[in-house]
Amino acid sequence: MQIQTEAGKKAVKTAVKSRTSEPLFVRIILITVSLLFLSLFLVLPLVAIFVKAFEKGVDVYLASITHPDALSAIKLTLLVAVIVVPLNAIFGVAAAWAISKYQFKGKSILITLIDLPFAVSPIIAGLIFILLYGPNSFLGPYLAANDIKILFAVPGIVLATLFVTMPFVARELIPLMQSQGSSEEEASLVLGAGGFKTFWKVTMPNIKWGLFYGIILCNARAIGEFGAVSVVSGHIRGLTNTMPLHIEILYNEYQFSAAFAVASLMSLMAIVTLVIKNIIERKGNYRSKKVG
């Protein structure tokens, strides 16, 4: 009986595959077009960045990335990411929990607000903070009187980056938690577990891969953000320049080797991010197949 069942499954899979598979020449064309497109618009630009970065030798490359202004930009970029990513992770989990587990008025408005940074240009996001905290704003005189610096300082950069990266974690978790439902949490509560224990023992294992994936995307956007940060930073060398801003300044000053040297570091961060993302996706898919 088991043999017949396995044979039947194989027959069904073969029939489905034969009906859904494209002809060989179509697959070859699609794969070739995809590889050519990726090579022209992804691989070659990345290779060009590293070639240009090392064009004048390793000594110039090392001098460029260890320059005080470059080190300051790297430190500030990492500092902003360290602040922004955990805050977005906490907000994303809380927002996804509220939207997926509870019914309340204004849920659609909350979802729309979470998606707002996707629709608003980063430049406009930066201008919003200028209007809120600038010298001529409502809060401007109070901030100046108390020597509180938000614009053209680290707090402004953090706020701008927080705004543009806010949806990433929440948007990864909301559909995941909605598809899972709340039956397991309800069963845990009925059995006597508290809210925190239920979250840590039941909810978190179910959403951890989605959470990690959202954090990876959030971190990548925080490191590479340019538009909003450019508006609120003031481009002060050694103080408010992140890596993208530092690269722009070097390029505008025709210091191409130094600009591409710092750009190569950002490219390495992007590659590492993609590797981690793929590892998380594989583990998540393996877990799903194992559970299924």
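Here is what the cut-offs are and how they apply
Residues numbered from 1 in each chain as written. Predicted model: local features only at pLDDT ≥ 70, side-chain atom pairs only at ≥ 80, totals over all residues. Heavy atoms only, no water. UniProt positions renumbered as here; feature names shortened; annotations may be inferred. Helix = DSSP H or I, 4+ residues; strand = E, 2+ residues; numbered from the N terminus. Phe/Tyr/Trp six-rings, centres within 6.5 Å; stacked < 30°, edge-to-face > 60°. Buried < 20%, exposed > 50% of the residue type's maximum accessible area, 1.4 Å probe, protein only. Lys NZ or Arg CZ within 6 Å of the ring centre and 35° of its normal.

- Per an unreviewed UniProt entry, the protein chain goes by the name Sulfate transport system permease protein CysW and belongs to Peribacillus faecalis.
- In its Subunit (unreviewed entry) section, the UniProt record describing the protein chain reads: "The complex is composed of two ATP-binding proteins (CysA), two transmembrane proteins (CysT and CysW) and a solute-binding protein (CysP)."
- Turning to the protein chain, the UniProt annotation filed under Function (unreviewed entry) states: "Part of the ABC transporter complex CysAWTP (TC 3.A.1.6.1) involved in sulfate/thiosulfate import. Probably responsible for the translocation of the substrate across the membrane."

**What to know about the UniProt feature "transmembrane region" (unreviewed entry) in the protein chain**
Link 1 in the chain: As annotated by UniProt and renumbered to match this structure, "transmembrane region" (unreviewed entry) occupies residues 24–51, 71–97, 109–130, 150–170, 211–236 and 256–280.
Link 2 in the chain: Between the C-alpha atoms that bound residues 71–97 the distance is 39 Å, and the span itself is 100% helix and 0% strand.
Link 3 in the chain: For residues 211–236, the end-to-end C-alpha separation is 35 Å, with 81% helix and 0% strand making up the annotated structure.

**Here we look at the packing of aromatic side chains**
Link 1 in the chain: Overall, the coordinates contain nine aromatic pairs when judged by the stated rule.
Link 2 in the chain: With a centroid separation of 4.7 Å and 40° between ring planes, the pair formed by Phe 37 and Phe 41 is classed as tilted. Within this pair, Phe 37 and its partner Phe 41 are both found in helix 2 (residues 24–53), separated by four residues, close to a single helical turn. There is no split in this pair, since Phe 37 and Phe 41 are both exposed.
Link 3 in the chain: Pairing Trp 97 with Phe 199 gives two aromatic rings, centres 5.8 Å apart and planes at 65°, and the pair type is edge-to-face. A residue pair is termed long-range when its members are at least 10 positions apart, and Trp 97 in helix 4 (residues 68–101) and Phe 199 in helix 11 (residues 195–224) qualify at 102 residues.
Link 4 in the chain: Using a relative accessible area of 18% as the deciding quantity, one classes Phe 199 as buried.
Link 5 in the chain: The rings of Phe 129, Tyr 133 and Phe 163 are connected pair by pair, giving a single aromatic cluster.
Link 6 in the chain: Directly above the ring of Trp 97 sits Lys 101, whose terminal nitrogen or CZ lies 6.0 Å from the centroid.

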